[in-house]
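Take a look at the letters that make up each chain.
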Amino acid sequence: MAEKVRIYQLARDLGIETKDLLAMLDDMGVEYKSHSSTLELDVAEAVRGLVSENAPSTPATEAPASEPEAPKPAAAKAEPKTEKAGAPAAAESASVVPLRAPVVTVMGHVDHGKTSLLDHIRKTKVAEREAGGITQHIGAYQAETKQGTVTFLDTPGHAAFTAIRQRGANATDIAVIVVAADDSIMPQTREAIAHAKAAKVPIVVAINKVDLPQANPDKVMQDLMQVELIPEAFGGDTIVVRVSAHTGEGVDELLEMLSLVAEVEDLRADPEAPFRGVVVESVLDKRAGVLATVLVQEGTLRVGDYVVCGEVWAKVRRLTDHTGAGVTSAGPSVPVQILGFSQLPMAGEVVEHAADEAGAKDTVAVRIDDRQEADRELIGRKGLTLADLFGKPKTKRIHLLVRADTQGSLEAIKGVIAQAAEGVPEVDVDVMLAEVGAPTDSDLLLASTEDASILTFGVSAPGSVVKAAERQKTPLKSFRIIYDLIEEVERQIKGQIEPTFEERILGHAEVRMIIKVPRSGNIAGSYVTDGVIRRGAKARLKRDGREVYKGSIAQLRRFKDDVREVTSGFECGINLQNYDNAQEGDVIEVYDMVEVPAA
């Protein structure tokens with residue numbers, strides 16, 4: 001036997017639940033951080049002894065003759081628990097509220113295999129349908145495992161969708177951070193870990209692609225310590241599982257660890273409570289209309305219910321599960337797609353139950369009035385300043401119309417555009433329209449009023465709109481990969497920036513003799529002290545440290561020959577453009593203007 005043993009491993013060996021073992025350790029006064037903490041050998045043996053002693057007493061309590069003696073060990077065990085106020089009430093409440101399936105969010109860097117890992121678990125093929133193999137918006141799915149049902153949220157793995165990923169972390173019980181064994185910790189990996197920590201959810205690390213020849217999982221283990229995730233193998237509390245989404249290696253162990261963490265978290269929800277959920281994603285379908293994917297968090301959602309989400313309401317006309325099958329109701333931890341909203345609800349918004357249509361409309365009306373009143377107060381507090389009246393406007397402005405496939409994608413794109421505009425104060429980006437769905441003829445009309453560009457993501461423009469855009473010479477560009485759209489926006493912004501130039505000193509020459517040439521003016525016989533003197537370059541003449549001329553070099557000669565340039569250590573004759581008053585001892589400084597690259 002090893003000198004130390006993990007708490008969850010000991011619970012598994014003893015055949016008891018991890019939470020019961022944690023309660024026993026509390027009674028014994030044993031300190032630990034989590035279910036993955038290690039126990040010393042003597043403590044583990046003491047626990048084994050207690051479990052073996054209490055095991056025979058269980059059937060004894062069932063015999064009528066032993067009823068008077070049964071409370072003795074029970075009282076002895078209950079004595080330390082009385083120190084925790086409200087424990088009986090909590091236990092009674094927990095016994096009434098049933099357990100629910102854990103909601104697991106899979107996060108990580110782009111192309112580290114998150115969706116492929118979910119594919120192996122769910123035995124479906126979703127990654128192949130994603131453009132470029134990159135998940136473009138959140139998908140919510142359920143998987144039946146040996147340990148029970150698990151709800152998975154598949155979040156995008158690139159920086160542009162940080163907002164969507166953060167919503168995923170806030171709606172989850174357990175965060176799985178996927179790290180490629182051949183790539184290790186990347187920028188989006190750090191972001192995902194930060195979001196999971198901010199949401200205060202347990203973190204399980206899955207080192208993926210361990211089947212590749214260049215895989216180096218040991219390096220990943222070392223790098224995890226840099227982000228304050230100490231693996232169990234190094235004496236920490238972070239569960240790390242080596243997996244391969246391609247071969248299936250380690251996937252069963254990962255599911256077992258998720259089940260273990262869920263057991264310790266003791267996740268419960270009352271299906272009889274008032275319904276409450278969160279919008280995972282919303283999309284405008286051409287045939288069905290507005291569809292919203294909702295994760296039920298409390299209560300039960302049924303067909304025919306009225307719900308309110310932000311400033312929109314709906315009567316649930318149809319519920320569809322993750323397989324596309326119609327259902328009549330959905331309980332806690334179940335993701336379903338709702339048909340019934342007339343407007344797109346915002347992804348990440350809370351969905352709540354309403355008693356009837358009138359109640360739903362009243363709630364929405366109150367929320368709209370509150371928002372409008374807050375907007376008016378904000379405008380009143382800001383007021384009108386002199387800067388608003390006389391401030392220098394931004395030099396350039398570009399106009400954009402944005403169309404996307406889902407509300408979540410649209411929000412992320414708007415965030416990226418706003419971030420890009422903030423970094424360039426010389427350019428103002430005006431998003432004239434940002435809607436879900438394919439571009440229309442009215443979009444072209446709107447774009448023509450301001451020479452705007454139309455950018456679409458995940459949707460294709462109808463052929464008639466494409467031909468009309470070509471005829472009107474309105475830029476209409478479609479994208480399937482978010483990075484391409486970001487680059488296009490940045491290109492348009494940089495294209496509006498006036499180039500900035502700075503001086504670059506080429507060289508200096510000292511005037512040592514003035515040569516008078518009839519009909520040609522005076523030529524400054526000079527000696528190049530450093531750098532190079534070039535014909536046609538910009539020049540300034542300094543006398544006693546003061547600038548007396550600024551222009552350019554009209555003629556450059558060496559002996560009787562015209563030359564293009566003269567380097568340091570040589571003599572030359574310099575004729576300045578429209579200046580004929582150079583004197584001995586003057587210094588000619590030659591420079592040119594170079595464009596400063598945009599940041």
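Read on for an overview of the structure. (Residues numbered from 1 in each chain as written. Predicted model: local features only at pLDDT ≥ 70, side-chain atom pairs only at ≥ 80, totals over all residues. Heavy atoms only, no water.)

The next thing to look at is the packing of helix 13 (residues 407-422) against helix 16 (residues 482-495). Running from N to C, helix 13 and helix 16 cross one another at 30 degrees; their axes reach a closest spacing of 10 Å. Regarding the angle of helix 13 to helix 16, the classification is roughly parallel. Taken as a pair, helix 13 and helix 16 cross one another with a handedness that is right-handed. Mapping the contact onto sequence places Ile-413, Val-416, Ile-417, Ala-420 and Ala-421 in helix 13 and Ile-482, Leu-485, Ile-486, Val-489 and Ile-493 in helix 16. (Axes fitted to C-alpha atoms, helices over the stretch in contact; angles between N-to-C directions. Helix = DSSP H or I, 4+ residues; strand = E, 2+ residues; numbered from the N terminus. Parallel < 35°, antiparallel > 145°, perpendicular 65-115°, else oblique. Left-handed = near helix turned anticlockwise from the far one by under 90°. Contact = heavy atoms within 4.5 Å.)

On to the sheet that holds strand 18 (residues 396-404), then. A sheet is described by the order of its strands in space; here four strands give the open sequence 19-18-20-21, paired in parallel fashion. The open sheet is flanked by strand 19 (427-436) and strand 21 (476-479), the only strands paired with a single partner. Neighbour-to-neighbour, the strand axes of the sheet open up by a mean angle of 25 degrees, direction not taken into account. Pairing between strand 18 and strand 19: nine bridges, direction parallel. (Pairing = 2+ DSSP bridges.)

Moving on to empty space enclosed by the protein. Applying the stated criterion across every chain, the model contains one cavity of 30 Å³ or more. Of the pockets and cavities examined, the largest cavity occupies roughly 60 Å³. Among the residues forming the lining of the largest cavity, the class breakdown is seven nonpolar, three polar and one charged. (1 Å grid on protein atoms, 1.4 Å probe; cavity = no way out; pocket = protein on both sides within 12 Å on 5 of 7 lines; lining within 4 Å. Points joined across faces, edges and corners; volume = space filled by probe spheres on them. Nonpolar A, V, L, I, M, F, W, Y, C, P; charged D, E, K, R; others polar.)

Right, let's talk about the nonpolar core for a bit. The biggest cluster of nonpolar side chains holds 43 residues, and the ones touching the most others in it are Leu-301, Val-307, Phe-341, Ile-413 and Ile-493. With six residues, the single largest contributor to this core is helix 13. Not counting residues up to four positions away in its chain, the partners in contact with Val-307 are Phe-275, Leu-301, Val-312, Trp-313, Ala-314, Val-316, Phe-341, Val-351, Glu-352 and Ala-354. In this structure, Val-104, Leu-118, Ala-245 and Leu-255 belong to the second largest nonpolar core, which totals 27 residues. (Core = buried A, V, L, I, M, F, W, Y, C linked by side-chain atoms within 4.5 Å. Buried < 20%, exposed > 50% of the residue type's maximum accessible area, 1.4 Å probe, protein only.)

Before going further, it helps to examine the pairing of strand 3 (residues 103-108). Counted residue by residue, strand 3 has six buried out of six residues, so it is predominantly covered. Here strand 3 shows no split at all, with Val-103, Thr-105 and Met-107 on one side and Val-104, Val-106 and Gly-108 on the other all buried. Inspection of the sheet shows strand 3 paired to strand 6 (residues 174-180) by five bridges, in the parallel sense. Pairing of Thr-105 across the sheet is with Ala-175, part of strand 6.

Below, the discussion takes up helix 1 (residues 7-14). By the burial criterion, the buried members of helix 1 are Ile-7, Tyr-8, Leu-10 and Ala-11. The arc that holds every buried residue of helix 1, seen down its axis, measures 160 degrees, which confines them to one face. Gly-15 sits one or two positions beyond helix 1 and adopts a positive phi of about 75 degrees. (Arc of directions from axis to C-beta.)

In this section: the environment of Leu-260. Along the chain, the position of Leu-260 falls in helix 10 (residues 251-265). By relative accessible area, Leu-260 is classed as buried at 8%. Taking the C-alpha atoms as reference points, Leu-260 and Glu-17, separated by 243 residues in sequence, lie 9.1 Å from one another.

Attention now moves to the packing of aromatic side chains. Tallied over the full model, the rule gives two aromatic pairs. Here Tyr-306 and Trp-313 contribute two aromatic rings whose centre-to-centre distance is 6.3 Å and whose plane-to-plane angle is 35 degrees, an arrangement assigned as tilted. Look at Trp-313 and you get partly exposed, because its relative accessible area is 24%. Taking the ring centre of Tyr-591 as reference, the NZ or CZ of Arg-540 above it sits at 4.3 Å. (Phe/Tyr/Trp six-rings, centres within 6.5 Å; stacked < 30°, edge-to-face > 60°. Lys NZ or Arg CZ within 6 Å of the ring centre and 35° of its normal.)

Bringing the side chain of Thr-300 into the picture now. Relative to the helices and strands, Thr-300 resides in the loop between strand 10 (289-298) and strand 11 (301-302). From its side chain, Thr-300 meets the backbone oxygen of Pro-271 in a polar contact 2.7 Å long. In this structure Thr-300 touches Pro-271, Ala-273, Phe-275, Asp-305, Ser-329, Ala-330 and Gly-331, once residues within four positions along its chain are discounted. (Polar contact = N/O pair within 3.5 Å; in protein donor to acceptor, adjacent residues only side chain to side chain.)

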